[in-house]
Each structure stands twice: as C-alpha cells, then as structure tokens.
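Structure assessment
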Amino acid sequence: MKVITVINAKGGCGKSTIAMNLAAGLANKGFMTLLMDMDPQAQVTQWLISGDGINSEGTIVLPMAGIALLSDVIQETDVDNLSFVASAETLEELGRRMTDDSEYYMLLSKLLEEITAKYDFVVIDSPNQISPIMENAIVPADLFIVPFESTKAVRSYANVYKLIQNLRNDEPSTLHVLSNLSRLEGLRKRVIELMNSEGIPRAKTEIRSCGWLAQVDEHMGSIFSYRPKSNGAKDIHTLIVEVITIFHPLTAICTKAEVKPNGTSS
Ligand SMILES: Nc1ncnc2c1ncn2[C@@H]1O[C@H](COP(=O)(O)OP(=O)(O)O)[C@@H](O)[C@H]1O
Ligand SMILES: [Mg+2]
C-alpha cells in the first residue's frame with residue numbers, strides 16, 4: 001500500500017480537485033484505492049455526499065479520537081475499486097486537543113496499519129493550514145503532491161517543507177505540480193521563476209486550467225466519467241502515469257500505452 005498526500009498550506013491551490021480525480025483515476029486503472037478526506041472543511045466529503053449515496057455519519061473523527069477502527073468508517077463509492085473516508089468540521093477541534101498525547105502525529109499512521117493489505121493506494125486530501133491534522137497526513141506519506149496555483153502557494157510551501165523535514169528523517173518523493181495556471185501566462189511565469197529561485201523542481205505534469213475540472217464536483221464521479229476527453233482528464237491521467245512510474249515503473253509503461261490522449265475540448 002502506498003500513501004499519497006496532496007498538500008500545501010494554502011486554500012484554493014487545487015488539492016481537493018487533484019486528490020479526488022487522482023483517486024478515481026487510480027481506481028479506474030484497477031488499483032484498490034482509498035480516498036481519505038483529512039480536511040476539516042470536508043470539501044471532498046461534500047462533493048461526494050451531494051452526488052453519491054455516501055453519508056457522513058462515520059467520519060475520520062471517530063478513529064482519530066480512538067473510538068472506532070479505520071475500517072469502521074470506510075464507505076464504498078459508485079466508482080469501482082474506490083472507497084472513501086469522510087471528514088467533518090469537528091476534526092479541527094480534535095486536532096487542537098490531540099496534542100496532549102506525545103505521539104499525536106503518529107495517530108493516522110497507526111490507524112493505516114489495519115488496512116495495508118487491502119489497498120494499493122491511499123490518497124489523502126489534507127487541510128489548508130499547518131495543524132496537528134496536517135502532521136498526521138505527513139507522517140505516513142510515501143509521496144507528496146504539492147499544487148501551486150500562485151506565488152503565495154510557493155511561499156506557503158516553505159512552512160510545509162520545514163514541517164515535513166521535522167517529522168521525517170528521510171527525503172520523501174514529492175511532485176510539485178503547476179495547477180490552474182495555463183490561462184494566466186504572466187502569473188504562471190512568475191510562479192515558475194519563484195520555484196526555480198527556491199530550488200523547487202517541477203513535476204512533468206501540469207494540471208492546466210479546465211472548466212470541466214472545476215465543475216466536476218457538481219456531477220457524480222470524476223473527470224473521467226464526466227468529461228473523459230477534456231484537458232483535465234488528460235492532465236490527471238499524465239499525473240497518474242507520473243505517480244505510477246515512481247512506484248511501479250513497469251506498470252507505468254503499460255498504462256502509458258493503454259490510453260492515447262484524444263479529443264480537444266477542455
Ligand atoms: N485545473 C483547474 N482548472 C480550473 N479550476 C480549477 C482547477 N483546479 C482547481 N480548480 C478550482 O479552483 C478552486 C480551488 O480548488 P480546490 O481543489 O478546491 O483547492 P484546495 O482544495 O487546495 O482548496 C475550486 O473551485 C476548483 O474547482
Ligand atoms: Mg480542499
């Protein structure tokens with residue numbers, strides 16, 4: 001089981017959009033995938049509840065509070081191979097209280113041990129602020145995906161990077177992804193320049209601006225079922241290939257060959 005945490009300490013940079021569509025895309029490829037909403041704002045949870053038969057009764061708050069197993073709050077979705085753990089606002093308060101425990105930042109890692117044999121990938125959508133909950137999303141990650149949609153997002157990353165370094169004694173794989181900048185040429189250039197001057201390498205994948213990707217939350221499923229020929233679907237597919245290449249290089253070659261980008265709409 002590989003854990004992918006989509007992270008940055010800035011709202012609106014594309015974390016939830018990437019987490020949801022990446023998880024659905026991995027599931028479409030046949031990987032058993034668990035999407036976990038670890039954001040107290042529960043954006044992904046809202047999207048899935050409105051479109052799907054998912055309910056928010058059993059949320060991540062219960063296992064994080066030590067009163068349920070993680071498997072007790074895993075829900076199935078309408079997408080084959082995709083399961084889901086909902087979030088709730090109370091996660092924020094729990095985060096503030098949990099620091100009494102000296103190993104509070106290990107809580108999620110410990111919970112994940114129960115399900116390692118069941119899933120190929122866990123995709124975590126993390127909160128917008130540095131917080132104990134974010135620390136929990138950092139510790140188990142095998143890969144970080146960091147979206148940048150502004151120069152502010154690049155600056156916010158400095159604090160996340162420091163936090164990752166404090167919590168980890170390895171150099172975890174990280175994909176720094178341009179997000180929603182393709183229609184703002186000047187800003188895109190400034191973001192790239194700032195990334196270069198900070199020594200932040202850019203992932204091959206860029207998630208271009210795509211109106212369909214912005215609307216997918218109002219419809220059931222993911223960009224792959226909603227607008228499979230859009231630039232959003234192509235870019236998330238490219239991201240999936242880049243992710244799989246990190247973990248399973250041979251599978252990635254097959255995945256690349258299997259889907260030929262087509263269509264021109266965005
Ligand atoms: N590639 C994109 N193209 C167009 N709109 C996007 C794209 N990525 C995100 N958005 C929109 O930008 C807003 C912020 O994205 P979101 O994924 O919610 O960010 P975060 O989870 O980091 O707060 C949302 O309204 C979303 O629909
Ligand atoms: Mg979000």
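Residues numbered from 1 in each chain as written. Chains lettered and ligands numbered in written order. Predicted model: local features only at pLDDT ≥ 70, side-chain atom pairs only at ≥ 80, totals over all residues. Heavy atoms only, no water.

**Some thoughts on the pairing of strand E6 (residues 143-148)**
The two faces of the sheet receive side chains in turn, since in a regular strand these alternate between them. For E6, the tally of buried residues reaches six of six residues, placing the bulk of the element in the interior. The alternating pattern of E6 places Leu 143, Ile 145 and Pro 147 and Phe 144, Val 146 and Phe 148 on opposite faces, both of which are buried. Bridge count for strand E1 (residues 2-6) against E6 is three bridges, and the pairing is parallel. Along E6, the bridge assignment pairs Thr 5 with Phe 144. With six bridges joining them, E6 and strand E7 (residues 173-179) adopt parallel strand pairing. Its bridge partner being in E7, Ile 145 is matched across the sheet by Leu 175. (Buried < 20%, exposed > 50% of the residue type's maximum accessible area, 1.4 Å probe, protein only. Helix = DSSP H or I, 4+ residues; strand = E, 2+ residues; numbered from the N terminus. Pairing = 2+ DSSP bridges.)

**Looking at the coordination of the magnesium ion (ligand 2)**
For the magnesium ion (ligand 2), the full set of protein donor atoms is Ser 16 (OG) and Gln 43 (OE1), and the range of their distances to it is 2.1 Å. Of this pair, Ser 16 sits in helix H1 (residues 15-28) while Gln 43 sits in helix H2 (residues 43-51); the two residues are 27 residues apart in sequence, bridging distant segments of the chain. Look at Ser 16 and you get buried, because its relative accessible area is 5%. (Donors = N, O, S within 2.8 Å, 3.2 Å for Na, K, Ca; no water.)

**Notes on the site of ligand 1**
As a structural note, the neighbourhood of ligand 1 is formed by 16 residues, with Gly 12, Lys 15, Thr 17, Gln 43 and Cys 210 the closest of them. Side-chain polar atom of Ser 16 to an oxygen atom of ligand 1: 2.9 Å apart, as the coordinates give it. Here Gln 43 contributes a side-chain N or O atom positioned 2.4 Å from an oxygen atom of ligand 1. Going through the elements one at a time, H1 and helix H9 (211-215) are the ones with two or more residues in the shell around ligand 1. In terms of residue count, the dominant contributor to the shell around ligand 1 is H1 (three residues). Classifying every residue of the shell around ligand 1 gives five nonpolar, nine polar and two charged. (Near = heavy atom within 4 Å. Polar contact = N/O pair within 3.5 Å; in protein donor to acceptor, adjacent residues only side chain to side chain. Nonpolar A, V, L, I, M, F, W, Y, C, P; charged D, E, K, R; others polar.)

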